[in-house]
Amino acid sequence: ISPCTDISDEEAVGYREALFDMLTSAGHDFDFVGSESGGGSIMTDTEHAGFPGIRDHQLASVMETGFSFYTGLVTSGPYLESYPADIILLHIGTNDVLAGDLGVAGVERILNAIDDFEAEFGIPIMVFLARIISTLGNPCDTDADVVEFNSNLDALAASRIASGDNIIVVDMECGAGLDYSADMIDPVHPNQAGYDK
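The rules behind the values
Residues numbered from 1 in each chain as written. Predicted model: local features only at pLDDT ≥ 70, side-chain atom pairs only at ≥ 80, totals over all residues. Heavy atoms only, no water. Helix = DSSP H or I, 4+ residues; strand = E, 2+ residues; numbered from the N terminus. Buried < 20%, exposed > 50% of the residue type's maximum accessible area, 1.4 Å probe, protein only. Expected span 1.5 Å × (residues − 1). Arc of directions from axis to C-beta. Contact = heavy atoms within 4.5 Å. Patch = residues over 30% accessible without salt bridge, like charges linked within 9 Å, V, L, I, M, F, W, Y side chains within 5 Å. Areas by Shrake-Rupley, 256 points an atom, 1.4 Å probe, with all protein chains shown as cover. Salt bridge = Lys/Arg side-chain N within 4 Å of Asp/Glu carboxyl O.

Asker: Even after reading the chapter, I still don't get unusual backbone geometry, so can you show me in this structure?
Answerer: Of all residues except glycine, most have a negative phi; of all peptide bonds, most are trans. Residues other than glycine seldom take positive phi values, yet Asp 141 does so here, at roughly 65 degrees. Tracing the backbone shows Asp 141 in the loop between strand 6 (126-131) and helix 6 (144-162). A residue is classified by how much of its surface remains accessible, and Asp 141, at 51% relative accessible area, is exposed.

What follows is the structure, given as structure tokens:
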């Protein structure tokens, strides 16, 4: 049984609507990109690269080749060649933790695919790498599996930053101000108030 609450594609905006409004209000010129679309009944810029239920190694395959056994064929080659971006917001790992996999080898492959694209096309990419959020009823730093995954993610990011990668770690687990009782719609996803935070 899935621990997730389904939301229709037309209403699924997650954090994107609030981010869109903040960037627009600040006068920034931007475009959300990706092969996926959601929130069409609410937003005008509906493109994104969020794949519900995907694990890090599956997303790595999409980034490397455009295909995974989870998604099927998404692009005809490496994902960024079809959907180039200069900023990537990467929040991946929740589904891995749910499956008992606390390692970050798949995240490293995703970051390697980003590096490969940068090297080939000369487009520098800023990656905002999120420490994954905790779970319903478990305030930050109390879900042992989330804490371990985020610790592994921190170590990976520190190593890559030291080697020159343009990564900013964002503490979504503790730094976003989520109330893990009131701001959750199911065991692993925020409600809209939580996404807005």
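Don't stop here, the text continues.
Asker: Just checking my understanding: could you explain helix 5 (residues 105-121) for this structure?
Answerer: Three or four residues apart is the spacing at which side chains of an α-helix point the same way, because the helix has 3.6 residues per turn. Relative to the 24 Å expected for 17 residues at 1.5 Å per residue, helix 5 spans 24 Å between its end C-alpha atoms, a close match to the ideal helical length. Here helix 5 has its buried residues at Gly 106, Val 107, Ile 110, Leu 111, Ala 113, Ile 114 and Phe 117. Buried positions in helix 5, seen along its axis, are confined to an arc of 150 degrees and lie on one side of it. Relative to its buried face, helix 5 has exposed residues pointing more than 90 degrees away, namely Ala 105, Asp 116, Ala 119 and Glu 120. Looking at the buried residues of helix 5, the elements they touch are helix 2 (56-65), helix 3 (79-82), strand 5 (87-90), strand 6, helix 6 and strand 7 (167-171). One or two steps after helix 5, the chain reaches Gly 122, where phi turns positive at roughly 70 degrees.

Asker: Teacher, can you tell me more about a nonpolar patch on the surface here?
Answerer: A contiguous nonpolar patch, built from Tyr 15, Ile 87 and Leu 89 and spanning about 280 Å² of accessible area, is present on the exposed surface. Secondary-structure assignment places Ile 87 in strand 5.

Asker: Explain the pattern of salt bridges to me, please; I cannot follow it from the model alone.
Answerer: Pairing between side chains of opposite charge can happen when their charged atoms approach one another. What the rule picks out here adds up to 10 salt bridges. In this structure, the salt-bridge partner of Asp 154 is Arg 131, at a minimum N-O distance of 3.1 Å. Taken together, the positions of Asp 154 in helix 6 and Arg 131 in strand 6 put the pair 23 residues apart, joining distant regions of the chain. On the basis of relative accessible area, Asp 154 is assigned to the partly exposed category, the value being 29%. Classification of Arg 131 by relative accessible area gives buried; the value is 12%. Salt-bridge contacts for Glu 173 lead to Arg 131; the nearest nitrogen and oxygen are separated by 3.4 Å. In this pair, Glu 173 sits in helix 7 (residues 172-175) while Arg 131 sits in strand 6, placing the two residues 42 residues apart along the sequence. This pair shows no difference in class: Glu 173 is buried, exactly as Arg 131 is. Ionic contacts of the salt-bridge type, sharing partners, join the residues Glu 108, Asp 115, Arg 160 and Asp 165 into one network.

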